[in-house]
Amino acid sequence: MRPFSYERAADVSGAISSAAMPGAMFLAGGTNLVDLMKLEVARPDKLIDISRLPLSQIEELPGGGLRVGATVRNSDLAAHEAVRRGYPVLAQALLAGASGQIRNVATIGGNLLQRSRCPYFQDVSKPCNKRRPGSGCPARDGEHRNLAIFGHSKHCVATHPSDMAVALAALEAGVDVVGAGGSRTLPIGELYRLPGEDPELDTTVEPGELITAVQLDRQASGARSAYRKVRERASFAFALVSVAAIVRTEEGVVRDARIALGGVAHGPWRALLAEEALRDQPSTEDTFNHAAEAELAEALPLRDNGFKVTLARNAISRTLSEVCA
Amino acid sequence: MASLELTVNGDRLGLEIDVRTTLLDLLREHLDLTGSKKGCDHGQCGACTVLIDGRRAKACLVLAITLDGAEVTTIEGLADNGQLHALQAAFIEHDAFQCGYCTPGQICSAVGMLAEARAGLPSYVTEDLLAAPDPADEHEIRERMSGNLCRCAAYVNIVAAIAEVASGAIAEDAE
Ligand SMILES: Cc1cc2nc3c(=O)[nH]c(=O)nc-3n(C[C@H](O)[C@H](O)[C@H](O)COP(=O)(O)OP(=O)(O)OC[C@H]3O[C@@H](n4cnc5c(N)ncnc54)[C@H](O)[C@@H]3O)c2cc1C
Ligand code: SF4
Ligand code: FES
Ligand code: FES
């Protein structure tokens, strides 16, 4: 690991002013950043430890809804009564990620901004546009079995590994970000970006900006949800494909559906075509299959990951059947 | 170098460390506590699992300097006055290892895991997120312990050892 200086931030404004220095990075739980520093994929000159900032509260908002501080640990959010009761899809997605030990340390902000698990990105002896812009993307023609089938570009075919973010995409969460220029709330759909020509940027959070919280609106009453994760072993593995679905039906007819997919794109992939195909249709297997087909018809599999198209299609239909059972 | 105050297995220590030192390297290389093992050094195997302020964590992914003021318990700190912790005793009784390399991490992880399950924390396989999970259920144990790999595949006996303690069949006076 390369040398760096370390400081513990006392408050949010202190953290932000310290982060103005080029080469500075925030350290939250460290479960991704420390790993990437060992690999020398991340080479910060300065670490600003934000894990003790007063951002570890989960607040129930007056009008319903929840505000989750950025340094809340993944396991604490999954265990919180209001999440288990009101946002079970989020609890399930959190519990599907990593392992008990990692969830005890990993924070919400760090989970959102964790980096891709593309094998070339993690290996500094290889080219990679995400790690070294302009050096090329060996994954496109190389090992890409677990990479994207939606929204990739010729410059990058990586996927984002977070399970939690997939549930947050279906929940249409907001992300509070504070920087030297002020604060803003981003809809999660605008947090993640497609790789396009500049895959070195995973998200629209600028260097030096701090995520302070995630906001969840109150869910429509009667909506049901589930998170399904398909992986190469039963537990403690990243998703090949995952599905977060939130559906509200009335008398056997689907009124609203929000579906997001994980493991298939540069960020959580909102399955808008499937959602559209469900609206006002009878809640039946045929409708679910048709909706899944509609989404996957637009997939762009790479040479070796066509199996994910079938997997995603089946995972969507099964998840919808489970949610609407 | 930076200074760090840490309580390890009940001993309060004042340390001077390089800020790059992980908790695992601090324990093994500086404090001569080699019970916690380095399997992968990347969070993937669980051999380095310890308890930080009572919660299980992977020591290889934590920079020690971030823990100023914390309490760490390692496998060396689980026994009480020479009496093994119930999980240590159960691992021996059930022959829950072959080479033993993963064992300290398995046991520390199981201590933290049982505390989580008994406090009612759900897991990915808990059917009803609002009901109290059964800590002695085999599926629950397998899911909750999935962050600890065993290259000798002693899983069957590891699960049996943990299930016995979880079900209360062995008294846990060592905790
Ligand atoms: C073996 C292993 C298996 C895993 N499996 C899964 C899995 O199946 N599913 C899954 O979803 N995840 C998985 N993970 C990833 C894990 O969820 C992340 O490492 C974790 O959520 C990151 O959180 P952290 O607080 O430790 O982040 P850190 O490592 O501290 O930070 C990660 C990044 O976010 C930045 N950052 C952190 N907080 C903020 C903030 N508030 N504002 C701005 N920037 C910030 C940091 O600068 C850094 O760039 C796995 C990890 C490991 C090691
Ligand atoms: S897919 Fe993206 S992360 Fe992977 S090698 Fe290509 S550019 Fe790098
Ligand atoms: S050595 Fe820490 S998880 Fe493998
Ligand atoms: S007993 Fe050998 S690795 Fe588990």
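Residues numbered from 1 in each chain as written. Chains lettered and ligands numbered in written order. Predicted model: local features only at pLDDT ≥ 70, side-chain atom pairs only at ≥ 80, totals over all residues. Heavy atoms only, no water.

*Asks:* Would you explain the overall build of chain A in this entry?
*Replies:* Helices and strands together make up the secondary structure of chain A, namely 12 helices and 12 strands. Computed over C-alpha atoms, the radius of gyration of chain A comes to 19 Å, within 12% of the 20 Å expected from 2.2 N^0.38 for 325 residues, which places it in the range of a compact globule. With respect to the three principal axes, the spread of C-alpha positions in chain A is 60 × 50 × 35 Å. Considering only residue pairs separated by 6 or more positions, chain A has 62% of its internal contacts joining residues 24 or more positions apart. Just so you have it, chain A exposes about 13,100 Å², and 49% of that area is on carbon and sulfur atoms. In chain A, 37 side chains carry a positive charge and 38 a negative one; their mean positions are 6 Å apart. (Helix = DSSP H or I, 4+ residues; strand = E, 2+ residues; numbered from the N terminus. Rg over C-alpha atoms; globule rule 2.2 N^0.38 Å. Contact = heavy atoms within 4.5 Å. Areas by Shrake-Rupley, 256 points an atom, 1.4 Å probe, with all protein chains shown as cover. Lys, Arg positive; Asp, Glu negative; His and termini not counted. Charge placed at Lys NZ, Arg CZ, Asp CG, Glu CD.)

*Asks:* Is there a simple way to explain the site of ligand 1 in this structure?
*Replies:* Near ligand 1 lie 37 residues; those nearest to it are A:F26, A:T31, A:L33, A:T107 and A:D163. Surrounding ligand 1 are residues belonging to chains A and B, so the site spans chains. Here an oxygen atom of ligand 1 sits 2.7 Å away from a polar atom, N or O, in the side chain of A:T107. Burial of ligand 1 by the protein amounts to 95% of the accessible area it has alone, namely 980 Å². (Near = heavy atom within 4 Å. Polar contact = N/O pair within 3.5 Å; in protein donor to acceptor, adjacent residues only side chain to side chain.)

*Asks:* Which parts of the structure should I look at to understand the pairing of strand β11 (residues 253-262) of chain A?
*Replies:* Remark: a regular strand shows side chains that alternate across the two faces of the sheet. Residue and element names in this part refer to chain A. In terms of burial, β11 is a largely internal element, seven of the 10 residues being buried. Both strand β10 (residues 241-250) and β11 contribute to a ladder of nine bridges, which runs antiparallel. Residue pairing for β11: V243 is matched across the bridge by L261. A loop of two residues connects β10 with β11, the two strands running antiparallel in sequence, and E251 in this loop sits at a positive phi of about 45°. For β11 and strand β12 (residues 269-270), the ladder comprises two bridges, and the chain directions are antiparallel. Its bridge partner being in β12, L261 is matched across the sheet by W269. (Buried < 20%, exposed > 50% of the residue type's maximum accessible area, 1.4 Å probe, protein only. Pairing = 2+ DSSP bridges.)

*Asks:* Even after reading the chapter, I still don't get the domain arrangement of chain B, so can you show me in this structure?
*Replies:* All names here are of chain B. Considered domain by domain, chain B is made up of domain 1 (2-77) and domain 2 (86-166). With centres defined by C-alpha atoms, the gap from domain 1 to domain 2 works out at 22 Å. The contact between domain 1 and domain 2 buries some 1,200 Å² in all, and 55% of this surface belongs to carbon and sulfur atoms. It is T49, R56 and I75 in domain 1 that bury the most area against domain 2; as a group they hold 48% of the surface buried on that side. Applying the counting criterion to the domain 1 and domain 2 interface returns one salt bridge. Salt-bridge contacts for R56 lead to E116; the nearest nitrogen and oxygen are separated by 2.9 Å. For the interface between domain 1 and domain 2, the tally reads eight residue pairs in polar contact (both at pLDDT 80 or more). The greatest single-element share of the side of domain 1 that touches domain 2, amounting to three residues, is contributed by strand β3 (residues 49-52). Tallied by class, the residues present in the side of domain 1 that touches domain 2 amount to five nonpolar, six polar and four charged. (Domains from an automatic or database assignment. Buried area = accessible area lost by both parts, 1.4 Å probe. Salt bridge = Lys/Arg side-chain N within 4 Å of Asp/Glu carboxyl O. Nonpolar A, V, L, I, M, F, W, Y, C, P; charged D, E, K, R; others polar.)

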